[in-house]
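# Structural overview
Below, each chain spelled out in residue letters.
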Amino acid sequence: MSAILWHLFMHPGRALKDEIVPPYLHFVTQSLGLPAWAGHLGLMAVLGGVFFVGVSLTAFWLILMERKVCAYFQERLGPNRVGPWGLLQTIADALKLVQKEDLIPADADRAVFKLAPIVAFTASFMVLAVIPFDDQLLAADLNIGVLYITAVSGLGVLSILLAGWASANKYSLLGGMRSAAQIISYELSPALCVLGVVLFTGTLSTQAIVEGQAAGWNIFRMAPWGVLGMLIFLIAGTAEINRAPFDLPEAESELTAGFSTEYSAMRFSMFYLAEFVNMFIISAMVVTLFLGGWQPLVLALPFGGWHSPALGGFLPGWLWFFAKTYAVIFVIMWFRWTFPRVRVDQLMKLEWKVLLPLSFANLAAIALCVAASLR
Amino acid sequence: MLAWLTGILKGAASLLSGMRLTGRAFVRPAVTQQYPEERPHIHDRFRGRVDMPLDPVSGAHKCTMCMMCVKICPNASLIIKPGVNRAGKRVLDEFIYKLSTCTLCNLCVEVCPFDAIAMSHDYEMATYDRADLVMILNKPKGRAFDPSAEFLAVPPAAAPAAEPAQEAAHEPA
């Protein structure tokens, strides 16, 4: 029993896949007299529930972390009254939001207004399916995982446009249109950075990309192009999730709250939740593509050759994954509490005149290096 | 091309210097005081509301009803009600202090020839009722919440800067 628990701690993915889920699934379907597909359907439902709870807890934690990190950057203490160290602050906020009145403006397009937050949450929820948390621990190992992420995360802009349009409010519409312009621009350079990694690893599957980094993280093996690619991906990712300094769609000093102006209560909290889950996803993507995912620290020379033994391989992989992801999240928060919001023209200039040429050059350089190492 | 590259590098450098600045603020300890638990540091010459300290030995106040404080008070916040004791001697009955109009200017304390009144270190002066701002200083209820010496202002001898002002206040009298 303790061996299984230890295995579950060290390699949760493998333990669940080999030792725990299949026999229990078989036992349950057998004893209930159900066909095998019903068992799998039930497993999917349970997995969905686990992910939903996990996502909610992550968002709750991130909201608290954001407030605490913000406070420390401003030499304050942050929330510290509700629960020990303010740990229950987000719970209290959520309870307040649940009790609030659910308002829909009289002129709103009611169906679309109600749909928008669901689309926002679904888009960020679906991406999590292909994030490898540990060896074998991912919901779906798609062989086109990276493409899937790029496609599904594009749904997020749809939700913002829907919300902006349906609210029948000039601030909402302006916020929605700004967001569309921003996200369509900023989809390009991250895609090119991802393409560089795909070129280097030769696969589109997120799990295979992480497994390929056993001989050194991609930022080491692709240096210096990996570092540049990661920076571009991080900056463009920050813009894609509408976080400061690129938070123009909800710039409160210009647009009150942008696309979410007319939203209240639970509908607003869905947007809020999606925003923080998106931050987690961007960080998890950076970690998966460039920082070795769940792999422990392995130093390596660029493009093959020497690599060090795994440093810290005695720690479970999921711990590595979450430590790295939260480090990246901290950097994104650091951006937010340091930089002032850019103007729309500066935003467009940054993407089209700086990031896009740089990422094209980066991709070409990676292609040349890969071609040279293949010969 | 070169200008474009140097522009990018310069921009990155300036962003990094900004992040270094906020990063230093992040590791610096917070300046916040946890008010109800952590009491603020009150300086010796802090001017809280007027209080009437009692002599620690005799337990009596030092007011002689000379009315100097009442005369100098710029907004009539002090009222002295004289009374007569059993021996027929004129004594202080009520020393009424209206915190609602007081500006904590310290003039009454400086003019008092016997140091009968002092500025206390009481800074929590909010009340639910305006009537609570009218206090009778020579009655126990009207004193600052802790009449111990810690809350009394320093005697003038320990405050050299206040000396000349006090001399000037004495001369015309």
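Residues numbered from 1 in each chain as written. Chains lettered and ligands numbered in written order. Predicted model: local features only at pLDDT ≥ 70, side-chain atom pairs only at ≥ 80, totals over all residues. Heavy atoms only, no water.

### What to know about the overall build of chain B
Secondary structure summary: chain B contains 4 helices and 5 strands in total. The order of α-helices and β-strands along chain B, N terminus first, is α-β-α-β-β-α-β-β-α. Burial statistics for chain B: of 173 residues in total, 29% are counted as buried. (Helix = DSSP H or I, 4+ residues; strand = E, 2+ residues; numbered from the N terminus. Buried < 20%, exposed > 50% of the residue type's maximum accessible area, 1.4 Å probe, protein only.)

### What to know about the interface of chain B and chain A
In this assembly, 16 residues from chain B lie in contact with 18 residues from chain A. Between chain B and chain A, a total of about 1600 Å² is buried, with carbon and sulfur atoms accounting for 66% of that surface. The salt bridge partner of B:E37 is A:R81, with a shortest N-O separation of 3.1 Å. Counting across the chain B and chain A interface gives 8 residue pairs in polar contact (both at pLDDT 80 or more). Looking at side-chain class alone, the side of chain B that touches chain A contains 9 nonpolar, 5 polar and 2 charged residues. (Contact = heavy atoms within 4.5 Å. Buried area = accessible area lost by both parts, 1.4 Å probe. Salt bridge = Lys/Arg side-chain N within 4 Å of Asp/Glu carboxyl O. Polar contact = N/O pair within 3.5 Å; in protein donor to acceptor, adjacent residues only side chain to side chain. Nonpolar A, V, L, I, M, F, W, Y, C, P; charged D, E, K, R; others polar.)

### A word on the sheet that holds strand β3 (residues 90-98) of chain B
Residue and element names in this part refer to chain B. The antiparallel open sheet is built from 3 strands, whose spatial order is β2-β3-β5. With partners counted over all chains shown, the strands left at the sheet margins are β2 (78-84) and β5 (134-136), one partner each. Here the average twist between neighbouring strands, direction ignored, is 25°. One ladder, built from 3 bridges, connects β3 with β5; its direction is antiparallel. Residue pairing across strands places K98 opposite V134, the latter belonging to β5. (Pairing = 2+ DSSP bridges. Axes fitted to C-alpha atoms, helices over the stretch in contact; angles between N-to-C directions.)

### Some remarks on the packing of helix α5 (residues 110-127) of chain A against helix α14 (residues 265-289) of chain A
Residue and element names in this part refer to chain A. Where α5 meets α14, the axes come as close as 9 Å, and the angle between the chain directions of the two elements is 20°. For the element pair α5 / α14, the angle class is roughly parallel. Crossing geometry of α5 relative to α14 is assigned as left-handed. Between α5 and α14, the contacting residues are F113, K114, A116, P117, I118, A120, F121, S124 and V127 on the first element and R267, M270, F271, L273, A274, V277, N278 and I281 on the second. Among the residues forming the contact of α5 with α14, the class breakdown is 13 nonpolar, 2 polar and 2 charged. (Parallel < 35°, antiparallel > 145°, perpendicular 65-115°, else oblique. Left-handed = near helix turned anticlockwise from the far one by under 90°.)

### Comments concerning the environment of A:F271
All names here are of chain A. Residue position: F271 is located in helix α14. Its relative accessible area of 6% is what places F271 among the buried residues. Considered as a pair, F271 and L137 are 134 residues apart in the sequence and their alpha carbons are 27 Å apart. Discounting residues that sit within four places of it in the chain, F271 has contacts with A116, P117, A120, S159, A163, F259 and Y263.

### Section: the packing of aromatic side chains
Scanning the entire structure with this criterion turns up 23 aromatic pairs over all chains. Ring geometry for A:Y72 and B:F26: centres 6.0 Å apart, planes at 50°, overall tilted. Of this pair, A:Y72 sits in helix α3 (residues 36-73) while B:F26 sits in helix α1 (residues 2-27), on two different chains. Note on A:Y72: relative accessible area 32%, which makes it partly exposed. Its relative accessible area of 23% is what places B:F26 among the partly exposed residues. Linked through ring pairs, A:F51, A:F133, A:F280, A:F321, A:F322 and A:Y326 together constitute an aromatic cluster. Directly above the aromatic system of A:Y171 lies the positively charged group of A:K170, at a separation of 5.4 Å from the ring centroid. (Phe/Tyr/Trp six-rings, centres within 6.5 Å; stacked < 30°, edge-to-face > 60°. Lys NZ or Arg CZ within 6 Å of the ring centre and 35° of its normal.)

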